[in-house]
Amino acid sequence: MKNERMNNMNKTLLITYPYKDSIDEAVALAEAAGYKVVSIVTQRYLTKSKYGIGSGKLMEVKSIVDSLKPDAVIFDEVLKPTQEYNLASTLKVEIIDRERLILNIFERRASTAESRIQVKLAQLRYEMARAREKVRLAKKGEQPGFYGLGRYEVDDYYRDVKRRISTLKSKLESVAKRRALYRRQRSREGLVTISLAGYTSAGKTTLFNALTREQHEAGRGMFTTLSTYTRAISIDGSKYLLSDTVGFISKLPAYMIEAFRSTLEELTFSDLVILVIDASESIENMKKKYESSMSILNELQVPESKIIYAFNKIDLLSNEDEVYAKARYLGLDSSLRDDTSMDRMARYVAISAKTGRNIEMLLGMIRRFAGEGYSKAVGVREDGAERINEGTDTVTEYDEDEVMNILRLDQDEDSSA
Ligand SMILES: Nc1nc2c(ncn2[C@@H]2O[C@H](COP(=O)(O)OP(=O)(O)OP(=O)(O)O)[C@@H](O)[C@H]2O)c(=O)[nH]1
Ligand SMILES: [Mg+2]
C-alpha cells in the first residue's frame, strides 16, 4: 500500500549533506511533503554564494535532472533568493529550499483553523524576508513572472503582505488571550498541567494516546501533530491536564517558532514538561536532537527544573541498559546533581509508548515531580468540572470524559486567512 502511494508522489532530486542522519532526515521531510526522492546528491558545503553548491556539482545535478526529469529539486539548506534564482535558471526546474519544504509540510498537515492561520503567517514572513530580492529578480525580466511577482511594485507588495500579517497576528492574539484566560482559570483550580515536548516522530502522540487511552493520529511521517490538545488524566486519584504539542526539528526557522508561539506557549506555562526522546536512534543523532530540543525549550523559557525525560521506543533496543549509558552521555545522570533532594532523584525514565513498558514508572515520576508539593498542590474537587466553566466563556468544550478542547477556534472565526 505504501508503494502504491509512493508511485503517485511527485519525484524529486535531493541535495543534502553527506551524512547518514542528514540524508535520513531530509528524505523523511521530502516524503512528508509528498515527494518521492529519486536521486540524492551530497556535498559538504551547501552555502556557496552563487548556487549553494559548487559549479562542478551543479553540472552533475544538471545531468541527473535532464535524464530523470524530477518535478522539483529539494535543497536541504536555506537558500537566498539569488541562489534559488540561479539554480532555477540553470536547472529549469522548481527549487525548494529547506525552509520552504518545512512550510509545505506544515501547510499539508494544518487541520485546525488556528494551525492554518499559523502556517499562513509563517509563509508570509518567509515571503516578506525575500520580497525585495525577489521583486528585483522578477524585474530583471529574464524569467517573466518568476515567483509570480512580475506585476507587483515592491511597495505595493510590502504593504499588502504587511496588512495580511497584521490581520493574522490579531487573530492569533485573540486565541492567545483565550488561552491565557483558560490558564488563569485552571491554575485557580489548582490543576497541574503537564506537556509532552520533543523532536518530531519521538513518539509524543503515541505516549499521549497511551496515557489518555485516546486515538489521535500518530506516525504519518514528520510533523503529524500541528496543534496542541489537552486532556485530563488521573494518576492515583489525582488529576492532571496533559497536552500534546507540535514536534521540534533542527534549524526550525525563527519565524516558525514565532508563528507557532501561541501553541508552543503551552510549554512555557506548563508545571511539568516531559521531553520525549527517541532512544532507538544512534547516540550522535540523539544528542543532536536533544540539544536542539533543549535550545527551543530554553527559548520558550522553560527552566530545566521543570523538565523530565522519557527515553522512548526501548522495545527497539536489544538491551534496556543502553538507555542509562545514553542518558549519561547527555549529562542527565542524576548523581551529578547536587541541589535539592528533588534534583537528586532520577529525572529520566526508559519507556515504550507502544508496548506500554514502564509507563507506570513514568506516572510515578509525574506524581513525584508535578504533584506532592513540588510544583503546586494538586487537589481537584469533585465538582472541578463545573467550577472551570463558571464565569467564563472561554471553555467551549467540556464533557463527561473531561475533554477540554477550548483550543479549537469557533467555526465563525475560521474565515480564509
Ligand atoms: N517501536 C516503537 N515505535 C514507537 C514508539 N512510540 C512511537 N513509535 C512510532 O514512532 C512514530 C512517530 O510517533 P508519533 O507518536 O506520531 O510521534 P510524535 O512525537 O507525536 O511526532 P510529531 O507529531 O510529528 O511531532 C510512529 O510510527 C509510532 O508508531 C515506541 O515506543 N516503540
Ligand atoms: Mg504527534
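Here the structure is a predicted model, which is why all the values come from computation and not from measurement.

Visitor: Is there a simple way to explain the overall build of the chain in this structure?
Guide: Assigned secondary structure in the chain consists of 15 helices and eleven strands. The 417 residues of the chain split such that 39% are buried. The contacts in the chain between residues at least 6 apart in sequence include a share of 69% that link residues at least 24 apart.

Visitor: Help me understand the environment of Thr112, please; the structure alone is not making it clear to me.
Guide: Position of Thr112 relative to the elements: it lies in the loop between helix 5 (98–109) and helix 6 (113–140). Between the C-alpha atoms of Thr112 and Leu226, which are 114 residues apart in sequence, the distance is 8.5 Å.

Visitor: I keep staring at the sheet that holds strand 4 (residues 94–97) and nothing clicks. Help me out?
Guide: In a beta sheet, neighbouring strands are held together by backbone hydrogen bonds and run either parallel or antiparallel to one another. The sheet built from four strands is open, its strands ordered 2-1-3-4 with parallel pairing. Where the open sheet ends on each side, the last strands, each with one partner, are strand 2 (35–42) and strand 4. The average undirected angle you get between the axes of adjacent strands in this sheet is 25°. Of the strand pairs in this sheet, strand 1 (residues 10–16) and strand 3 (residues 72–75) are connected by four bridges, and their pairing is parallel. In the strand pairing of strand 3, Leu13 is matched with Val73.

Visitor: Could you clarify how one ought to interpret the site of ligand 1 in this entry?
Guide: Taken together, 22 residues form the shell around ligand 1, and within it Gly203, Ala218, Gly219, Thr225 and Gly247 come nearest. By residue number, the principal contributor to the shell around ligand 1 is helix 8 (residues 204–212), which donates three residues. For the shell around ligand 1, a count of residues per class yields six nonpolar, twelve polar and four charged.

Visitor: I keep staring at the UniProt feature "binding site: Mg(2+)" (unreviewed entry) in the chain and nothing clicks. Help me out?
Guide: Within the UniProt annotation, "binding site: Mg(2+)" (unreviewed entry) is assigned to Thr205 and Thr225. The greatest C-alpha distance among the residues just named is 7.6 Å, despite their covering 21 residues of sequence, which places them together in space. Checked against the element boundaries, Thr205 lands in helix 8. Other than its neighbours up to four places away in sequence, Thr205 contacts His216, Ala218, Thr224, Thr225 and Asp244. Following the sequence through the fold, Thr225 ends up in the loop between helix 8 and strand 6 (229–235). Residues in contact with Thr225, not counting those within four places in the same chain, are Lys204, Thr205, Asp244, Val246 and Gly247.

Visitor: Looking at this structure, I do not really get the nonpolar core. What am I missing?
Guide: Generally speaking, soluble globular proteins have nonpolar side chains that are buried together. Grouped together as the largest cluster of nonpolar side chains are 92 residues, with contacts concentrated most on Ile74, Ile277, Ala310 and Phe311. Ignoring sequence-local partners within four residues, the contact set of Ile277 consists of Gly198, Ala202, Met286, Tyr290, Tyr309, Ala310, Phe311 and Asn312.

Visitor: I'm lost on the environment of Gly203 in this one. Help?
Guide: By secondary structure assignment, the location of Gly203 is in the loop between strand 5 (192–198) and helix 8. A residue is classified by how many C-beta atoms lie within 10 Å of it, and Gly203, with 27 of them, is buried. Once the C-alpha coordinates of Gly203 and Ala310 are considered, the two residues, 107 residues apart in sequence, prove to be 10.0 Å apart. Excluding anything up to four places from it in sequence, Gly203 contacts Val276, Asp278, Asn312, Lys313 and Ala353.

Visitor: When you look at helix 3 (residues 55–68) in this model, what are you seeing that I'm missing?
Guide: In an α-helix, one turn spans 3.6 residues; hence positions three or four apart end up facing the same way. The end-to-end C-alpha distance of helix 3 is 20 Å, a good match for the 20 Å that 14 residues give at a rise of 1.5 Å each. Following helix 3 by one or two positions, Lys69 has its phi on the positive side, about 45°.

Visitor: How should unusual backbone geometry be read in this particular structure?
Guide: Comment: phi is negative for the bulk of residues other than glycine, and the bulk of peptide bonds are trans. The phi angle at Asp236 is positive, at roughly 45°, despite the residue not being glycine. Mapped onto the elements, Asp236 comes out in the loop between strand 6 and strand 7 (238–244). One non-glycine residue with positive phi stands out, namely Lys313, at about 70°. By the element assignment, Lys313 lies in the loop between strand 9 (307–312) and helix 12 (322–329).

Visitor: What is the right way to look at the pairing of strand 3 in this model?
Guide: The two faces of the sheet receive side chains in turn, since in a regular strand these alternate between them. A two-sided burial pattern is seen for strand 3, the buried positions comprising Ala72 and Ile74 on one face and Val73 and Phe75 on the other. In this structure, strand 3 lies alongside strand 4, joined through four bridges in parallel fashion. Residue Val73 lies in a different strand from strand 4, and its bridge partner there is Ile95. Note that the unit made of strand 3, helix 4 (residues 81–91) and strand 4 has a crossover that is right-handed.

Visitor: What am I meant to see in the packing of helix 2 (residues 20–32) against helix 5 here?
Guide: What describes two packed helices is the angle between their axes and the distance between those same axes. The N-to-C vectors of helix 2 and helix 5 enclose an angle of 45°; their axes lie 9 Å apart at closest approach. Classified by the interaxial angle, the pair formed by helix 2 and helix 5 is oblique. With respect to the hand of their crossing, helix 2 and helix 5 are arranged in left-handed fashion. Between helix 2, through Leu29, Ala30 and Ala32, and helix 5, the contact on the second element is made entirely by Leu101, Ile102 and Ile105. Taken together, the residues of the contact of helix 2 with helix 5 break down into six nonpolar, no polar and no charged.

Visitor: How should helix 5 be read in this particular structure?
Guide: The end-to-end C-alpha separation of helix 5 is 17 Å, in line with the 16 Å expected for twelve residues at 1.5 Å each. By the criterion of burial, helix 5 is predominantly enclosed, with ten of the twelve residues buried. Regarding helix 5, the residues found buried are Arg98, Glu99, Arg100, Leu101, Ile102, Leu103, Asn104, Ile105, Phe106 and Arg109.

Visitor: Help me out: how do you make sense of the pairing of strand 1 in this one?
Guide: The buried fraction of strand 1 is high, at five of seven residues. Here strand 1 pairs with strand 2 via seven bridges, running parallel. The residue bridging Thr16 from the neighbouring strand is Thr42, located in strand 2. You can see the chain leave strand 1, run along helix 2 and come back into strand 2, and the turn it takes is right-handed.

Quick notes on the rules
- Residues numbered from 1 in each chain as written.
- Chains lettered and ligands numbered in written order.
- Predicted model: local features only at pLDDT ≥ 70, side-chain atom pairs only at ≥ 80, totals over all residues.
- Helix = DSSP H or I, 4+ residues; strand = E, 2+ residues; numbered from the N terminus.
- Buried ≥ 20, exposed ≤ 12 C-beta atoms within 10 Å, placed from the backbone.
- Contact = placed C-beta atoms within 7 Å.
- Pairing = 2+ DSSP bridges.
- Axes fitted to C-alpha atoms, helices over the stretch in contact; angles between N-to-C directions.
- Near = placed C-beta within 6 Å.
- Nonpolar A, V, L, I, M, F, W, Y, C, P; charged D, E, K, R; others polar.
- UniProt positions renumbered as here; feature names shortened; annotations may be inferred.
- Core = buried A, V, L, I, M, F, W, Y, C linked by C-beta atoms within 7 Å.
- Expected span 1.5 Å × (residues − 1).
- Right-handed = clockwise from strand over helix to strand, strands pointing away.
- Parallel < 35°, antiparallel > 145°, perpendicular 65-115°, else oblique.
- Left-handed = near helix turned anticlockwise from the far one by under 90°.

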